[in-house]
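Coordinates in review
This is what each chain is made of:
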Amino acid sequence: MKIKILLASACMMLASTTYVDAKKPEKNYLPEAGDITIGVNAVPFLNYLGNMFGKRENNNINPAEFGGVPAVPGLDNPTMSIFGKYFLTDQTALRLNVGIGINSQTQSQYVQDDAAIAENPLSVDQVEDTYKYRNSGMSVAIGYEWRRGGKRLQGFWGGQAILAYSNSKHYFGYGNAITEVNQYPTAYADVNRNGDYNYALWKEPEKLPDNINLPTNDNNVGGNSRLLMQSDGRSWTYGLGGFVGVEYYIAPKISIGCEMSLNLLWTTGGKKYQKSERFNPDFNKVEENIRWTGKSDSGFRFGTENIGTSLFVAFSF
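Residues numbered from 1 in each chain as written. Predicted model: local features only at pLDDT ≥ 70, side-chain atom pairs only at ≥ 80, totals over all residues. Heavy atoms only, no water.

Attention shifts here to the overall build of the chain. Looking only at helices and strands, the chain features 3 helices and 12 strands. Per-residue burial over the chain gives 39% buried out of 317 residues. Sequence-distant contacts in the chain: of pairs separated by 6 or more residues, those separated by 24 or more amount to 70%. (Helix = DSSP H or I, 4+ residues; strand = E, 2+ residues; numbered from the N terminus. Buried < 20%, exposed > 50% of the residue type's maximum accessible area, 1.4 Å probe, protein only. Contact = heavy atoms within 4.5 Å.)

This is the structure we're talking about:
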């Protein structure tokens, strides 16, 4: 009798457990129609973790490394890039990726104060020469995505339209002014005070990045000019491309993934020009000059330059 009671109790417990499990809803890991996804590049975080385990000194996350590699000529990194998706159905989505690149470099050097020395040859007063580099750009990619896969692992592919822009300029400031009695003032880039400026010297004080090409003295107006500003020309990039990738959901609507794109891009570059100043002996005054130094150009590019994210972390809601 006792055995029958125990067996009956065990059957009732098993039935109860089975009923509870049947009612327990299955977790949905994937985004659904109407969901919005936002993601960022995971590479900076992976580099940080790798450096941490490698015990690298001065380990930090560089904001300039966020995002993918948009086709912005002259920009090594799109500082801060983010992508978003809106799911039209469970298997299709609209995509938007926006990258912004801003690069700013400033250097300064002290030189003798010519005006102070003219008053007192023993003066040790100094003035400051400066060099500033400004580079900015943006990229936008709008696309359509299809996807398929299992409960957690999804593959995706699609097409996109691309627009990108960039612009860079060099600025030079001088502590000693050009005057009638001081037509070749002391300047950091003019060691011999003869108007033969070597702007490449600004590469050395704080080791400018290799991608910054300093101006040359090839367009020296009158042979005694010094640069105030050089524009490297605005450039625009237009194109179409395709992308393919894979995404794994580590938790409900939280995923990691990788993506690659193949793009056909057309880039147009604007004219380059320089603004300079010099003492004009014919008119006995200091004058500013603007001169074109480079023609506009254009060209095609075709390849696997990523517009957007390569390794990413994404969140859907």
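Okay, back to it.
Here we take up the pairing of strand E12 (residues 311–316). Of the two faces of E12, the one holding Phe312, Ala314 and Ser316 is buried and the one holding Leu311, Val313 and Phe315 is not buried anywhere. Bridging between strand E1 (residues 36–41) and E12 involves 5 bridges; their strand directions are antiparallel. Its bridge partner lying in E12, Asn41 is registered against Phe312. Relative to E12, strand E8 (residues 254–269) runs antiparallel, the two sharing 5 bridges. By the bridge assignment for E12, Cys258 is matched with Leu311. (Pairing = 2+ DSSP bridges.)

Below, the discussion takes up the pattern of salt bridges. A complete count under the given rule lists 12 salt bridges for this structure. The salt bridge partner of Arg147 is Glu247, with a shortest N-O separation of 2.8 Å. Placement of the pair is Arg147 in strand E4 (residues 126–149) and Glu247 in strand E7 (residues 235–251), with a sequence separation of 100 residues. Like Arg147, the residue Glu247 is buried in the burial classification. Because the salt bridges share partners, they merge into one network encompassing Lys85, Arg95, Glu145, Arg147, Glu247 and Glu259. (Salt bridge = Lys/Arg side-chain N within 4 Å of Asp/Glu carboxyl O.)

Let us now look at a nonpolar patch on the surface. Together, Leu163, Trp236, Tyr238, Leu262, Leu264, Trp266, Phe300 and Phe302 give the surface a local cluster of nonpolar side chains, amounting to about 810 Å² of exposed area. Contributions of two or more residues to the nonpolar patch are made by E7, E8 and strand E11 (297–303). Within the secondary structure, Trp236 sits in strand E7. (Patch = residues over 30% accessible without salt bridge, like charges linked within 9 Å, V, L, I, M, F, W, Y side chains within 5 Å. Areas by Shrake-Rupley, 256 points an atom, 1.4 Å probe, with all protein chains shown as cover.)

Residue placement: Gly137 occurs in strand E4. Classification of Gly137 as buried rests on a relative accessible area of 8%. Linking Gly137 and Ala164, residues 27 residues apart in sequence, is a C-alpha distance of 7.3 Å.

Let's shift gears to the environment of Arg95. The topology assignment puts Arg95 in strand E3 (residues 92–112). By relative accessible area, Arg95 is classed as buried at 12%. Along the backbone, Arg95 and Gly84 are 11 residues apart, and their C-alpha atoms lie at a distance of 5.8 Å. Once residues lying within four places of it in the same chain are set aside, the contact partners of Arg95 are Gly84, Lys85, Ala141, Ile142, Gly143, Glu145, Phe156, Gln160, Phe243 and Glu259. For Arg95, the side chain forms a polar contact with the side chain of Glu259, separated by 2.9 Å. (Polar contact = N/O pair within 3.5 Å; in protein donor to acceptor, adjacent residues only side chain to side chain.)

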